[in-house]
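# Observations on the model geometry
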Amino acid sequence: MEKEMAPQKIIRIVWEALEKDSLNEVCAQYGIQEPQLEEWKDIILDLTDNKESCLFSQDKSKEFSKLEKELQDIIESQVKDKTLKDKLESLIGVYNKRLAKVQNKYDKLFNNINDLLFFSKFDSEERGNFIEVNEKAVELLGYSKDELLNMGPQDIVTSFKRNKKLDSVGKDTFEKKFVTKDGQKIPVEINSNIFELEGEKYILSIARDITERKKSEKKIKEKRNQLEILNQEYETIFNNTQDAMFIIKVEDENTYRYLRTNKAFQLLTGLSLTEVRGETPCEIFTEEVAREVIDNYRRCYKSKTSIEYQETLELPVGKRNWHTILSPVVKEGEVIQIVGSARDITEQKRAREELKKSEAKFKKYINNAPYGVFVCDENGEYIEVNKTACEMTGYTEEELIGMNFRQLIPPESYSQAEQSFTELLDKGRSYVELGLLRKDGRAKYWSVNAVKLAENRFLGFTRDITQRKQVEEVLGEQQAYFQQLFNKSPEGIALLDNEERIAMINKSFEEIFEYKSAEIEGRKINKVLVPESKLAEVKHILAKVKQGESYTGESVRKTKSDNQINVAIKAFPIKLGDDQLGIYVIYKDITERKAEESRIKYLSFHDQLTGLYNRRYFENEMKRLNKSRKLPIAIIVVDMDGLKEINDNYGHQEGDRHIKIIADIIDSSTREADIVARIGGDEFVILLPEADDEIANSIKDRIIDKCKSFTRNFNRKLSVSIGFAIKNERDEDLNETFKKADAEMYKLKRQKKRKEFFKNNC
């Protein structure tokens, strides 16, 4: 019985010794020699620990066999008892099964993981070859497992260098590129750890293919750059457009706060961004102005559509007139912001009032107005239209006259049009935005601003707002603001690259300069728009902008048809960080404004009938010459004789013709430096700088001789009365000189009348 229990006792004793970790105590308890217990303990440990350590051996089966044979020899030589021998052999079988199960789990984990696994021995001098790799490494790198086990990290990593952090800390996560067998480079993230096993150091590296992640990161970076560029472009255009732009936050129907304003707003209104940001109209303007401003904001808020109107506001820079457009930003059915664009029309309005002084000026404005102008009767039938109205509708003037405005209205806009026309009849004015149909069937959107001129006469100004309506449909966040400003801006905008080549233009640019995008993009702007006389100027402007400066000014550019036009120009750099991406140039056609300014200036100083200077100019020049040191100064006063008789007998048209003849005679008789003006119906005056009696008499004689010559040649009497006086001393008043000359002229005129009287009556 003792012999049958010996294997069980031996096993129990060994496990008890292992559990207590004390050989002496167990030996004393069971009366066993310590060397005998040590020998059995080594057998059991070899059978367990050593076999598990063989997981990292390249030849596992050989190591297992060696241990099993060693144990078997010991059993056969020292354990003769068959029962003990059977028990130990059974124990060996149990451990073999357990190890096989562990090995199977390990293999599945090792080879089925989605990352690449590499085991290698750590060497402080150089990296050794891989001891083990998984199937994912074989699949991704394209090498066989045997090939990889004869390679090391230096063979598959580009620009391989020892990882100092890994050497010192024992672990690190870093990114590298693997080179596959076919030469393909694959980005990977590697997590390496150094661990110790049976006194040896090993490296376990887990590599993950991050190709898709890198692609995603690249796309994200590209999108971020694109967004930054769009934001930059939006900011650049927002702050450099010549119209006053502002963005309002809508809190409720009665509360509106300013979020942003552009540079033009701050310059034109005199209100800085600091003064208005976060403030309501009531906190900025007077009570009356604030009430008017809020009423318009409320109209836009309630209608949820763009509104357009004119207003006069008292601002820090003074009273100014504005043409304002408000466009709502709608999110989930609610107006959250309002984008405003206001153009200072103070000067335009003043010029328009000047034009309205006469029917001729009014007619000219109508025919050349940039808006469609329609005049209709109380039934809505057109009486008069301008050229732009014909262009907008596609009908000729003859076709439009007699047509009723309702014939242009599509069915869906009937109600809106009738309501607006009723308002015009009742209140004398109306404003509406509605759809219309051209002759060719194309649908357009118009804004119609109408006023009552007389009982049966109504005037409507129309503007094609189709493009603006289209922009409003997609108006959203900052990118939408940019698209609206660029694509729908009334100003021509060109984006240049750093080589001064045109990269992009907007529709207004095409309209101003008559080029299409395909014709002009890629060409240098100097070769396309700049007259030869302006090349040096443009070269200087672009050089400044390339250095980071902005430019604002007025100049001349040429169109595709080689017409030269006046333009207002703004040029500024487009930057992303420290890099300059290109140049933005904004053009505004000011040809009509320049022509009108010149015409108004000319009319303000010239007589319309004769083309000579008028009394206003004469008085200004007399004030200037009164201070002059260049003496003497002569003044000749000329009065046409017999104008009343000519008007009475032949009509005013003939009288005007004689006045122009006299004007031509006087103008042709004077020197280049002399100033000739018509200061009354038949009265003229000549200012002669540095002219004495001799010069004044000479000019007087020339005028009289030419009048006599006309009388002889045309058998019609033409005569004038002339008086002159001289200012010889600086302290003399030129006004007194003029009075003397005028008195001389009237003295001569009276003498002529007395002589004529006696001749006719005696």
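Refer to the structure printed above.
Residues numbered from 1 in each chain as written. Predicted model: local features only at pLDDT ≥ 70, side-chain atom pairs only at ≥ 80, totals over all residues. Heavy atoms only, no water.

### Notes on the overall build of the protein
Counting secondary structure elements, the protein contains 31 helices and 24 strands. In the protein, which comprises 762 residues, the share counted as buried stands at 43%. Long-range contacts, defined here as pairs at least 24 residues apart, represent 49% of the contacts in the protein between residues at least 6 apart. Carbon and sulfur atoms form 48% of the exposed surface of the protein, whose accessible area is close to 42800 Å². (Helix = DSSP H or I, 4+ residues; strand = E, 2+ residues; numbered from the N terminus. Buried < 20%, exposed > 50% of the residue type's maximum accessible area, 1.4 Å probe, protein only. Contact = heavy atoms within 4.5 Å. Areas by Shrake-Rupley, 256 points an atom, 1.4 Å probe, with all protein chains shown as cover.)

### Here we look at the sheet that holds strand β3 (residues 171-179)
An order of β2-β1-β5-β4-β3 is seen for the 5 strands of this open sheet, with the pairing classed as antiparallel. Every interior strand has two partners, whereas the edge strands, β2 (130-133) and β3, have only one. This sheet shows a mean twist of 25° between the axes of neighbouring strands, independent of strand direction. Across 9 bridges, β3 lies against strand β4 (residues 185-197) in antiparallel orientation. Among the inter-strand pairings, F174 is bridged to a residue of β4, identified as I190. (Pairing = 2+ DSSP bridges. Axes fitted to C-alpha atoms, helices over the stretch in contact; angles between N-to-C directions.)

### Looking at the sheet that holds strand β15 (residues 457-464)
Strand order in this open sheet of 5 strands is β12-β11-β15-β14-β13, and the pairing throughout is antiparallel. For this open sheet the edge positions go to β12 (382-385) and β13 (429-437), each flanked by a neighbour on one side alone. The average angle at which neighbouring strand axes cross in this sheet is 25°, direction not considered. This element, helix α19 (residues 414-427), spans β11 (372-376), β13, β14 (443-454) and β15 of the sheet and lies at about 155° to β13.

### A look at the packing of helix α27 (residues 615-626) against helix α31 (residues 734-761)
Closest axis-to-axis distance for the α27/α31 pair is 9 Å, and the angle between their directions is 125°. As judged from the angle between their axes, α27 and α31 are oblique. Contacts from F618, M622, L625 and N626 of α27 reach α31 at L734, N735 and F738. Partitioning the contact of α27 with α31 into residue classes produces 5 nonpolar, 2 polar and no charged. (Parallel < 35°, antiparallel > 145°, perpendicular 65-115°, else oblique. Nonpolar A, V, L, I, M, F, W, Y, C, P; charged D, E, K, R; others polar.)

### Describing empty space enclosed by the protein
Counted according to the given criterion, the structure contains 4 cavities of 30 Å³ or more. Counted as a void, the largest cavity has a volume near 320 Å³. Of all elements in the fold, only β11, α19, β13, β14 and β15 reach the threshold of two or more residues within the lining of the largest cavity. Class assignment of the residues belonging to the lining of the largest cavity gives a composition of 17 nonpolar, 5 polar and no charged. Size it by volume and the second largest cavity reaches roughly 170 Å³. (1 Å grid on protein atoms, 1.4 Å probe; cavity = no way out; pocket = protein on both sides within 12 Å on 5 of 7 lines; lining within 4 Å. Points joined across faces, edges and corners; volume = space filled by probe spheres on them.)

### Concerning the nonpolar core
The biggest cluster of nonpolar side chains holds 28 residues, and the ones touching the most others in it are I636 and I703. Residue assignment for this core shows that the elements contributing at least two residues are β21 (633-640), α28 (643-650), α29 (652-669), β23 (683-689), α30 (693-714) and β24 (720-727). Per-element tally for this core: the top contributor is α29, with 6 residues. When neighbours within four sequence positions are excluded, I703 is seen to be in contact with V638, I665, I666, S669, I686, V720 and I722. (Core = buried A, V, L, I, M, F, W, Y, C linked by side-chain atoms within 4.5 Å.)

### Some details on the pattern of salt bridges
Between side chains of opposite charge, a pair can form when the charged atoms approach closely. Within this structure, the stated rule accounts for 45 salt bridges. The shortest N-O distance in the salt bridge between K546 and E500 comes to 2.8 Å. With K546 in helix α25 (residues 535-546) and E500 in the loop between β16 (492-496) and β17 (502-505), this residue pair connects regions lying 46 residues apart in the sequence. A residue is classified by how much of its surface remains accessible, and K546, at 36% relative accessible area, is partly exposed. Taken together, the shared-partner salt bridges in this structure form one network comprising E175, E189, R213, K214 and E217. (Salt bridge = Lys/Arg side-chain N within 4 Å of Asp/Glu carboxyl O.)

### Regarding the layout of surface pockets
In this model, the second largest pocket occupies a volume close to 920 Å³. Lining the second largest pocket are 31 residues; nearest its centre among them are D641, G642, K717, S719 and E756. Of all the elements in the fold, those that place two or more residues in the lining of the second largest pocket are β21, α28, α30, β24 and α31. The leading source of residues in the lining of the second largest pocket is α31, at 8 residues.

### Side note on the packing of aromatic side chains
Applying the stated criterion across every chain, the model contains 19 aromatic pairs. An angle of 80° between the planes, with centres 5.2 Å apart, marks the rings of F513 and Y587 as edge-to-face. Of the two residues, F513 sits in helix α22 (residues 507-513) while Y587 sits in strand β20 (residues 579-589), which places them 74 residues apart along the sequence. In this structure F513 comes out as buried when scored by relative accessible area, which is 0%. Residue Y587 is classed as buried on the basis of its relative accessible area of 4%. (Phe/Tyr/Trp six-rings, centres within 6.5 Å; stacked < 30°, edge-to-face > 60°.)

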